[in-house]
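# Examining the three-dimensional arrangement
One letter stands for each residue in the lines below.
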Amino acid sequence: AKCVQNVCQPGENLVSAGYCMYSSSTILVISVGDGVFGFTLDSAVGEFIMTHERIQIPKSGKIYSFNEGNYDMWTPGLKQYMDSLKTGGKETGTKPYSARYIGSLVGDFH
């Protein structure tokens, strides 16, 4: 029971957060309250080396990642927005977004 109390805390008590992603390389992304930093495992020395300083989410992007399996149950406004990402802003001459969905929250966000 104490373990559940330790884990189930309000967000304001959060001290650090991060994730680790294993693929062609192993990446650890972590924040301890003052920025977000990325570290890549250097297997030659067996240590994580900081490779990304002060990571930030861009204000806008070129890729959308959304599970469209429930498209028919979406509200008309959400359908319209998602369709606009796929077609681009023809009236303003903007390009369509690219779709990317791999079913992995960390991979999609990373």
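For the structure itself, look to the data block above.
Everything in this summary refers to the structure shown in the same document. (Residues numbered from 1 in each chain as written. Predicted model: local features only at pLDDT ≥ 70, side-chain atom pairs only at ≥ 80, totals over all residues. Heavy atoms only, no water.)

## So, the overall build of the protein
In terms of regular secondary structure, the protein is built from three helices and six strands. When the helices and strands of the protein are listed from N to C terminus, the series reads α-β-β-β-β-β-α-β-α. For the protein, the residues scored as buried account for 15% of the 110 residues in total. Across the protein, every contact between residues at least 6 apart in sequence was considered, and the portion connecting residues at least 24 apart equals 22%. (Helix = DSSP H or I, 4+ residues; strand = E, 2+ residues; numbered from the N terminus. Buried < 20%, exposed > 50% of the residue type's maximum accessible area, 1.4 Å probe, protein only. Contact = heavy atoms within 4.5 Å.)

## Focus on unusual backbone geometry
Even without being glycine, R54 reaches a positive phi, approximately 50 degrees. Checked against the element boundaries, R54 lands in the loop between strand 4 (47-52) and strand 5 (63-64).

## A closer look at the packing of aromatic side chains
The description of an aromatic ring pair uses the distance of the two centres, along with the angle that the planes make with each other. Under the criterion given, the structure shown has two aromatic pairs. Here a set of aromatic residues connected by ring pairs shows up, and it is made of F66, Y71 and W74. (Phe/Tyr/Trp six-rings, centres within 6.5 Å; stacked < 30°, edge-to-face > 60°.)

## Looking at the sheet that holds strand 4
Pairing in this open sheet of four strands is antiparallel, and the strands run 1-2-3-4 from one edge to the other. Two strands close off the open sheet at either side, each with one partner strand: strand 1 (17-22) and strand 4. Averaged over neighbouring strand pairs, the angle between their axes works out to 25 degrees when direction is ignored. Inspection of the sheet shows strand 2 (residues 26-31) paired to strand 3 (residues 36-42) by five bridges, in the antiparallel sense. Note on strand 3: the bridge partner recorded for V29 is G38. (Pairing = 2+ DSSP bridges. Axes fitted to C-alpha atoms, helices over the stretch in contact; angles between N-to-C directions.)

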